[in-house]
Amino acid sequence: SSLDTDGMTPELEKAGLLNKTKIAEGGRKLRKNWNPSWVVLVGNSLMFFKDPKTQNSDGWKPGNSCPESSVDLRGAQLQWANELSSKKNVFKLRTVTGNEFLLQADTDSVIREWYCTIQKVIDRLDKE
Ligand code: I3P
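Quick summary incoming for the structure in this document. (Residues numbered from 1 in each chain as written. Predicted model: local features only at pLDDT ≥ 70, side-chain atom pairs only at ≥ 80, totals over all residues. Heavy atoms only, no water.)

Concerning the site of the ligand
Then, number 1: In the vicinity of the ligand, the contacting residues are R31, K32, W34, S85, S86 and K87.
Then, number 2: In this structure, R31 approaches the ligand through a side-chain N or O atom, which is 2.8 Å from an oxygen atom.
Then, number 3: Between an oxygen atom of the ligand and a side-chain N or O atom of S86, the distance comes to 2.7 Å.
Then, number 4: Here the ligand loses 45% of its free accessible area of 500 Å² to cover by the protein chains.
Then, number 5: Looking at side-chain class alone, the shell around the ligand contains one nonpolar, two polar and three charged residues. (Near = heavy atom within 4 Å. Polar contact = N/O pair within 3.5 Å; in protein donor to acceptor, adjacent residues only side chain to side chain. Areas by Shrake-Rupley, 256 points an atom, 1.4 Å probe, with all protein chains shown as cover. Nonpolar A, V, L, I, M, F, W, Y, C, P; charged D, E, K, R; others polar.)

Listed below in structure tokens is the structure:
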């Protein structure tokens, strides 16, 4: 389910702190710049917030703060990508527009949960 009871507001699926770097923009390779990011999965979007310390699980709500960036998960691709980093527990998210992000967590279970939850959203959108 991605809608709450009023049928209008997308449901918060997951939120948490991950390490993030963008590695491509529109298919063009970028230099890595790893930073902690407060990541929020809501509806069909993955949103990245800049300052984790000032965010909480309600921090995605409009008016509280603006996401640094937002990714449309429709048509996106997810794959484990430990070969793309010296860090462990890394996966790559690629958008239809050719933007690529690496997301990482030190705890295996944390990154696996994120992978599964994002993949479920992608699968749901593929079926629409
Ligand atoms: C990069 C930085 C990244 C590293 C990347 C380096 O150096 O150390 O953390 O990625 O490795 O190039 P710089 O700060 O000088 O840009 P990982 O931590 O993911 O390994 P890479 O070039 O092999 O991707």
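A closer look at the side chain of S37
Then, number 1: Its place among the elements puts S37 in strand β3 (residues 35–42).
Then, number 2: Using a relative accessible area of 2% as the deciding quantity, one classes S37 as buried.
Then, number 3: Apart from residues no more than four positions distant in its own chain, S37 is found in contact with G16, L17, L18, K20, F48 and F49. (Helix = DSSP H or I, 4+ residues; strand = E, 2+ residues; numbered from the N terminus. Buried < 20%, exposed > 50% of the residue type's maximum accessible area, 1.4 Å probe, protein only. Contact = heavy atoms within 4.5 Å.)

A word on the nonpolar core
Then, number 1: By size, the foremost hydrophobic cluster in this structure holds 21 residues, and its most contacted members are L46, L73, F91, L93, W114 and I118.
Then, number 2: Tallying contributions element by element places helix α1 (residues 108–127) first for this core, with seven residues.
Then, number 3: With residues near it in sequence (within four places) discarded, L46 still touches V39, V40, L41, S69, S70, V71, L73, L93, L103, W114 and I118. (Core = buried A, V, L, I, M, F, W, Y, C linked by side-chain atoms within 4.5 Å.)

Thoughts on the side chain of T21
Then, number 1: Mapped onto the secondary structure, T21 falls in strand β1 (residues 12–25).
Then, number 2: Given a relative accessible area of 0%, T21 falls into the buried group.
Then, number 3: The contacts of T21, once residues within four sequence positions are left out, are K32, N33, W34, E100, F101 and L102.

Topic: unusual backbone geometry
Then, number 1: With phi around 60 degrees, N89 is a residue other than glycine that occupies positive phi space.
Then, number 2: For N89, a relative accessible area of 12% gives the class buried.

Examining the pattern of salt bridges
Then, number 1: Applying the stated rule across the entire model yields eight salt bridges.
Then, number 2: The partner of E68 in a salt bridge is K20, and the shortest N-O contact between them spans 3.9 Å. Here E68, found in the loop between β4 (45–49) and β5 (69–72), pairs with K20, found in strand β1; they are 48 residues apart in sequence, far enough to count as distant. (Salt bridge = Lys/Arg side-chain N within 4 Å of Asp/Glu carboxyl O.)

Some words on the environment of L30
Then, number 1: Of note, L30 is situated in the loop between β2 (28–29) and β3.
Then, number 2: Between the C-alpha atom of L30 and that of D72, which follows or precedes it by 42 residues, the distance is 20 Å.
Then, number 3: Leaving out residues up to four positions away in the same chain, L30 has contacts with K22, I23, A24 and E25.

Quick look at α1
Then, number 1: When the terminal C-alpha atoms of α1 are compared, their 29 Å separation across 20 residues agrees well with the 28 Å that a helix rising 1.5 Å per residue should span.
Then, number 2: Listed as buried for α1 are I111, W114, Y115, T117, I118, V121, I122 and L125.
Then, number 3: On its buried face, α1 is in contact with β1, β3, β4, β6 (77–80), β7 (90–94) and β8 (100–104). (Expected span 1.5 Å × (residues − 1).)

Details of the environment of T95
Then, number 1: Position of T95 among the secondary structure elements: in the loop between β7 and β8.
Then, number 2: Since its relative accessible area comes to 5%, T95 is described here as buried.
Then, number 3: With 23 residues separating them along the chain, T95 and I118 place their C-alpha atoms 12 Å apart.
Then, number 4: Contacts of T95, omitting those with residues within four sequence positions, involve V71, D72, A76 and F101.
Then, number 5: A distance of 2.8 Å separates a polar atom in the side chain of T95 from a polar atom in the side chain of T97.

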